[in-house]
Amino acid sequence: MKSFLTEIHDHFGDGNYEGDEFGGARGHNGNGLPTGLPNNFMFATGIECSYPTIDGGKTRRDMLAECDHYNRYQEDLALVKSMGLKVLRYGLPYYKIQLSPDKYDWEFADLAMAEMQRLEITPILDLMHFGVPDFIGNFQNPELPVHFAAYCEEVVKRYPWVRFYTPVNEIYVTAKMSAKDGIWNEQLKSDKAFVTALKHIVAASIMGTQRIAKHRPDCIIVQSESAEFTHELRAEHTYEVQMQNKMRFAALDLLYGHHPEGDVLNYLYDNGMSRREYDWFMAGEPPGYQIMGNDYYGRNEKIMLPNGEIVTSMDVLGWYNITHDYYQRYKKPVMHTETNVLEAKDAPTWLWKQWVNILRMRKEGVPVLGFTWYSLIDQLDWDKGLERKVGTVNPCGLFDLDRKPRPVSEAYRMLLQEYGQITIVPHGELFEVTKAPATLKVEV
């Protein structure tokens, strides 16, 4: 008498179903280097491209220049390719391109974009990163949205193959550092200046997105925004700190047409936003497919002690918990759009911690579509927020300024090899059907 295992083998084979009469598709565990969009999770890095002014507008902090990317862009893009990465957060130098309302200089942009296209790197194209052209001045200028919208339209017409955009990087941080903290650009320190900057920048993002969608209706907008929180360790919380924790949502509230809390709305009204302007923001969210990008650095999260001293808490809530608050508020697909640490020896562990946060979020059903180690190359003076031009190297890149790999580079390679082919949506391979024996591929 045959055993039941023998009977099973006789009828169904040895259990190795790939290619047998039962069709044989085995579940894919996601390992192997990324194969690219549309189905792959978006593993990315970024080129640090900030360009605010300091010293009353006299000094421009152009990170592409200070980190020598203008001269080494081909080498830098080749490093992206060598990592096995298919996606790159990349910022064109807005202030160097739009020289006046009707005059543009595309020389460097054309070279860099052509090289990305040649290497088959998908850019998430960043169009404003902490600064504006000299002719605009700063974020207090009400003409900013009009000029920026014109720039966005010229970009999308010039590079019609680009689908992913971040119109304005970190709107809240841009307005706060420029008009509330007095560090960049207009270097003002008032609530009225902050609200003025905020509404001009959000309006610029909305109008710019409208121009992009006019020429690319299927555009995907990855709105990179800082994920922040302050823990106030006082038995009785203060109005100021609690307002800070509410104001961190202000930029996205205006961008996505989400009504803020009453005290935030009163703050906006008290500091220069008109009812007509507010109604314009609340009319609806911008066009395109919207992804909410959350940037998280341990130093984003702070603790205020009972004596008022503020210390960096480094990962008390972490990316998962803070971003989950943003997700519950806006219900947008999520991407981890920036992270690093300023000490090279700590970077590999920090990378794995961020990945644990992402896996946990995905396990709970939140659509997390991508992850970014920011940046490819070490940065300069971010330990002091670019406030002073000292030249301190922040060893937070996958590669140092000599383009030699940091320890986190090898850690990221390991992560990519293990998880590089996971799908944007878990089990997303179900939505890709290959019709055999023809080569027709239908992707949903």
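Residues numbered from 1 in each chain as written. Predicted model: local features only at pLDDT ≥ 70, side-chain atom pairs only at ≥ 80, totals over all residues. Heavy atoms only, no water.

Asker: Outline unusual backbone geometry, supporting the account with residue identities and numerical values.
Answerer: In this structure, S375 follows Y374 across a cis peptide bond, with omega equal to 20°. Within the element layout of this structure, S375 appears in the loop between β15 (368-374) and β16 (379-380). One non-glycine residue, N185, lies in positive phi territory at about 50°. Note on placement: N185 falls in the loop between α7 (171-179) and α8 (191-215). Overall, N185 belongs to the buried group, its relative accessible area being 5%. (Helix = DSSP H or I, 4+ residues; strand = E, 2+ residues; numbered from the N terminus. Buried < 20%, exposed > 50% of the residue type's maximum accessible area, 1.4 Å probe, protein only.)

Asker: I'd like a description of the environment of Y330, backed by residues and values.
Answerer: Positionally, Y330 belongs in helix α13 (residues 318-330). Judged by its relative accessible area of 8%, Y330 is buried. Taking C-alpha positions, Y330 is 40 Å from K404, a pair spaced 74 residues apart along the chain. Y330 has contacts with F249, L252, D253, Y256, H258 and M292, leaving out every residue within four places of it along the chain. A distance of 3.1 Å separates a polar atom in the side chain of Y330 from the backbone oxygen of F249. A polar contact of 3.4 Å, which involves the side chain of Y330, links it to the side chain of R329. (Contact = heavy atoms within 4.5 Å. Polar contact = N/O pair within 3.5 Å; in protein donor to acceptor, adjacent residues only side chain to side chain.)

Asker: Outline the side chain of N185, supporting the account with residue identities and numerical values.
Answerer: Here F130 takes part through its backbone oxygen, which lies 3.0 Å from a polar atom of the side chain of N185. What N185 contacts, discounting residues up to four positions off in sequence, is P52, T53, G57, F130, G131, N138, F139 and S178.

Asker: Could you give an account of the sheet that holds strand β9 (residues 220-226), with specific residues and numbers?
Answerer: Around the barrel, eight strands lie side by side as β1-β4-β7-β8-β9-β11-β14-β15; this closed barrel has parallel pairing. Averaged over neighbouring strand pairs, the angle between their axes works out to 25° when direction is ignored. Here helix α5 (residues 107-119) sits on the sheet and contacts β4 (87-91) and β7 (122-126); the angle it forms with β4, its principal contact strand, is near 180°. (Pairing = 2+ DSSP bridges. Axes fitted to C-alpha atoms, helices over the stretch in contact; angles between N-to-C directions.)

Asker: Residues and numbers for the pattern of salt bridges, please.
Answerer: When their charged atoms lie close together, side chains carrying opposite charge are able to pair. Summed over the entire model, instances satisfying the criterion amount to 28 salt bridges. Among the salt bridges present, the one from D279 reaches R275, with a minimum N-O distance of 3.2 Å. Of the two residues, D279 and R275 are both situated in helix α12 (residues 275-281); the distance of four residues between them amounts to about one turn of the helix. Of the residues examined, D279 reaches a relative accessible area of 40% and is grouped as partly exposed. R275 gets classed as exposed once you look at its relative accessible area, which sits at 56%. E364 is the partner of R360 in a salt bridge, and the nearest nitrogen-oxygen pair spans 3.8 Å. On the basis of relative accessibility, which here comes to 43%, the residue R360 falls in the partly exposed class. The exposure class of E364 is partly exposed, given its relative accessible area of 46%. Connected through salt bridges with shared partners, the residues R61, E66, D381, D383 and K384 form a single ionic network. (Salt bridge = Lys/Arg side-chain N within 4 Å of Asp/Glu carboxyl O.)

Asker: Please provide a residue-by-residue account of the packing of helix α6 (residues 144-158) against α8, values included.
Answerer: In contact at an axis separation of 8 Å, α6 and α8 are set at 30° when each is read in the N-to-C sense. With respect to α8, the element α6 is oriented roughly parallel. At the point where α6 passes α8, the crossing takes the right-handed sense. In contact with L144, P145, V146, F148, A149, A150, C152, E153, V156 and K157 of α6, α8 contributes H200, I201, A203, A204, S205, M207, G208, R211, I212, K214 and H215. In terms of residue class, the contact of α6 with α8 is made up of 13 nonpolar, four polar and four charged. (Parallel < 35°, antiparallel > 145°, perpendicular 65-115°, else oblique. Left-handed = near helix turned anticlockwise from the far one by under 90°. Nonpolar A, V, L, I, M, F, W, Y, C, P; charged D, E, K, R; others polar.)

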